[in-house]
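# Descriptive structure summary
This is what each chain is made of:
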Amino acid sequence: MYDAGSKGKIRETEKNIIAAERRTIVYSLCSHNGKLYDAGHYRKIFETKNNKIVVEREDYLAALCTLNGKLYDAGEYGIVETETGKRIVENKTIRAMCSISSELVKQILERRNA
């Protein structure tokens, strides 16, 4: 498990080891395809452990989420498929995202239609 906060430090929680540092607030961490990613007020998504910049956005990044093998980022600009830059939601402020399994979606829809 990893955690981060307003001081820009990303820590390996149980060992209390600093994995990376950013200049400003870290808003989101996401594990995707075996790698840890971070995003925040610094308007970039980093592959955390090697400090590689994956993408830069015009505004801060509020959330990261992985779904069906794809990484998504969100913020004041909506939701974007990170790798391709494809806009999924536009002109809507997004502060948080969470993926759920297709089985859970099916159960929710079945209850709604019952």
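Keep in mind the model is a prediction, meaning the values are calculated, not measured. (Residues numbered from 1 in each chain as written. Predicted model: local features only at pLDDT ≥ 70, side-chain atom pairs only at ≥ 80, totals over all residues. Heavy atoms only, no water.)

In this structure, Cys30, Tyr37, Ala39, Ile45, Val55, Leu61, Leu64, Leu71, Tyr77 and Val80 together form the largest nonpolar core, which totals ten residues. Those elements that place two or more of their residues in this core are β5 (35-40) and β8 (61-67). Ignoring sequence-local partners within four residues, the contact set of Cys30 consists of Lys35, Leu36, Tyr37, Leu64, Cys65, Thr66 and Leu71. (Core = buried A, V, L, I, M, F, W, Y, C linked by side-chain atoms within 4.5 Å. Buried < 20%, exposed > 50% of the residue type's maximum accessible area, 1.4 Å probe, protein only. Helix = DSSP H or I, 4+ residues; strand = E, 2+ residues; numbered from the N terminus. Contact = heavy atoms within 4.5 Å.)

Here the focus is the pattern of salt bridges. The tally for this structure, following the rule as stated, stands at eight salt bridges. Here Lys15 makes a salt bridge to Glu12, at a shortest N to O gap of 3.6 Å. For Lys15, a relative accessible area of 56% corresponds to the exposed category. By relative accessible area, Glu12 is classed as partly exposed at 24%. (Salt bridge = Lys/Arg side-chain N within 4 Å of Asp/Glu carboxyl O.)

Mapped onto the elements, Arg57 comes out in the loop between β7 (52-56) and β8. By relative accessible area, which is 18% here, Arg57 ends up buried.

What follows is about the confidence of the model for the protein. On average, residues of the protein score 93 in pLDDT, and 100% of them are at 70 or above. Averaged pLDDT values for the elements of the protein fall to 82 in helix α1 (residues 102-113) and rise to 98 in strand β6 (residues 44-47). (pLDDT = per-residue confidence, 0-100.)

Through-space distance from the C-alpha of Arg57 to that of Lys9 is 21 Å; in sequence the pair is 48 residues apart. Excluding anything up to four places from it in sequence, Arg57 contacts Arg43, Asp73, Tyr77, Val80, Glu81 and Thr82. Within the local environment of Arg57, its side chain forms a polar contact with the side chain of Asp73, the two groups lying 2.8 Å apart. (Polar contact = N/O pair within 3.5 Å; in protein donor to acceptor, adjacent residues only side chain to side chain.)

A separate point is the packing of aromatic side chains. Aromatic ring pairs are defined here through the distance separating the ring centres and the angle between the ring planes. Enumeration over the complete set of coordinates arrives at two aromatic pairs. Between the aromatic rings of Tyr27 and Tyr60, the centroid separation amounts to 5.5 Å while the plane-to-plane angle is 55 degrees, which identifies the pairing as tilted. Of this pair, Tyr27 sits in strand β4 (residues 26-32) while Tyr60 is found in the loop between β7 and β8, placing the two residues 33 residues apart along the sequence. Tyr60 gets classed as buried once you look at its relative accessible area, which sits at 17%. Summarising the aromatic geometry, the rings of Tyr42 and Phe46 are spaced 5.9 Å apart at their centres and angled 55 degrees between planes, so their arrangement reads as tilted. Of the two residues, Tyr42 and Phe46, both sit in the buried class. (Phe/Tyr/Trp six-rings, centres within 6.5 Å; stacked < 30°, edge-to-face > 60°.)

Attention now goes to a nonpolar patch on the surface. Together, Ile100, Leu104, Val105, Ile108 and Leu109 give the surface a local cluster of nonpolar side chains, amounting to about 360 Å² of exposed area. Among the secondary structure elements, Ile108 is positioned in helix α1. With a relative accessible area of 38%, Ile108 lands in the partly exposed category. (Patch = residues over 30% accessible without salt bridge, like charges linked within 9 Å, V, L, I, M, F, W, Y side chains within 5 Å. Areas by Shrake-Rupley, 256 points an atom, 1.4 Å probe, with all protein chains shown as cover.)

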